[in-house]
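Secondary and tertiary structure notes
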Amino acid sequence: MPSQESRPTIHIPGTTSHTIAPRGAREGTLRYLKAGTGAPLVLLHTVRTQAEHFRLLIPLIADRYTVYALDLPGMGYSEIVPGASYDEPAMRAGVERLLTELDLHDVTLVGESMGAVLALTTAADLPERVRRVVAVNTYDFPGGIARSSLLARVVVSGVLTPGVGPVIAGVEPRAVLSKVLQGGLGDRSALREDYVDELRQVGARPGYPTVARAVYQALPSLIAARSRYPEVKAPVHLVYGEKDWSRPSDREADKQLLPAADFTQIPKAGHFIALERPDVLADLLNAVA
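Residues numbered from 1 in each chain as written. Predicted model: local features only at pLDDT ≥ 70, side-chain atom pairs only at ≥ 80, totals over all residues. Heavy atoms only, no water.

**Some remarks on the overall build of the chain**
- When helices and strands are tallied, the chain shows 12 helices and 8 strands.
- In terms of overall size, the chain behaves like a compact globule, its C-alpha atoms giving a radius of gyration of 17 Å where 289 residues would be expected to give roughly 19 Å.
- When the backbone C-alpha atoms are referred to their principal axes, the chain occupies close to 45 × 40 × 35 Å.
- Looking at the chain residue by residue over its 289 residues, the buried ones come to 56%.
- Contacts spanning at least 24 positions in sequence make up 74% of the contacts within the chain whose residues lie at least 6 apart.
- Counting only carbon and sulfur atoms, one obtains 55% of the accessible surface of the chain, whose full area is about 11,600 Å².
- For the chain, the centre of its 31 positive side-chain charges and the centre of its 32 negative side-chain charges are spaced 3 Å apart. (Helix = DSSP H or I, 4+ residues; strand = E, 2+ residues; numbered from the N terminus. Rg over C-alpha atoms; globule rule 2.2 N^0.38 Å. Buried < 20%, exposed > 50% of the residue type's maximum accessible area, 1.4 Å probe, protein only. Contact = heavy atoms within 4.5 Å. Areas by Shrake-Rupley, 256 points an atom, 1.4 Å probe, with all protein chains shown as cover. Lys, Arg positive; Asp, Glu negative; His and termini not counted. Charge placed at Lys NZ, Arg CZ, Asp CG, Glu CD.)

Structural data, given as structure tokens:
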């Protein structure tokens, strides 16, 4: 459980917080939230966020599913392990730990952004455990968040710059974080002030700037992971915001890799649909519970 000093500032009604112990020296303790009853549904968050990213979605689906919202390795309140990798295979291993340690079967995997890529590759690895995948705004194209605005390009370029990158990653003014995140929203009012406060608290954890920088550096591994998509045997639903950072060509490329997938585009929505239109995601999920 998080220590008193690092306790989340946001509580999602109906959720309880749990941890999964590491199995080896390179693994850290994973934290996840649990809520509801029914078949298991696992939520995988975006770049630079955490389980609370789904604060508005969880209450809308907890009557139909047992929901598990994971803090990906090193993120949120999962343990930061010095020297750990944050490329796609390492993050996927964290997701697979959740499914195997809790012995989950008939799982619906729902991921947004980076989490969408991990949902698809986890389904490729563990077909016997995964019932369905809902991949929201897959983060598997060059540029990623840097496409959202000039400010985001400047910040990401600075974080990735050798030498000064770690210093820049550790300096995250509230106004800058808010502006960068708003670049992923069609409706900028969907970014709540208390959520920004929570993200900044996590960003102040010792070692977190190293994690944040490593995640941005791992983007090529997320792009490479697209080669795994044709291995997915479970039904897939691709969901995109009309104003997502991905281009029509990026979306079409994923549709070609997953030709049997359902496809939904949400008008006027951006990259962070769980913040902006949780009702649409809930309706989609509850319709097939």
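**Some words on the sheet that holds strand β8 (residues 262-266)**
- Here 8 strands make up an open sheet; going across it, the order is β1-β2-β4-β3-β5-β6-β7-β8 and the pairing mixed. Across the chains shown, the open sheet's two edge strands, defined by having one partner strand only, are β1 (16-20) and β8. Each adjacent strand pair in this sheet contributes to an overall mean axis angle of 20 degrees, direction not counted.
- Pairing of strand β2 (residues 30-36) with strand β4 (residues 65-70) involves 5 bridges; the strand directions are antiparallel. If you follow Ala-35 over to β4, its bridge partner there is Val-67.
- Strands in contact with helix α2 (residues 88-101) are β1, β2, β3 (39-44), β4, β5 (107-112) and β6 (130-136); relative to β4, the strand with the most contacts, it is inclined by about 145 degrees. (Pairing = 2+ DSSP bridges. Axes fitted to C-alpha atoms, helices over the stretch in contact; angles between N-to-C directions.)

**Describing the side chain of Glu-198**
- Mapped onto the elements of the fold, Glu-198 is located in helix α7 (residues 193-203).
- For the buried Glu-198, which has no salt bridge, the nearest side chain bearing the opposite charge is Arg-31, at an N-O separation of 6.2 Å.
- Polar side-chain contacts of Glu-198 include one of 2.6 Å to the side chain of Thr-9.
- With residues near it in sequence (within four places) discarded, Glu-198 still touches Pro-8, Thr-9, Ile-10, Gln-50 and Tyr-77. (Salt bridge = Lys/Arg side-chain N within 4 Å of Asp/Glu carboxyl O. Polar contact = N/O pair within 3.5 Å; in protein donor to acceptor, adjacent residues only side chain to side chain.)

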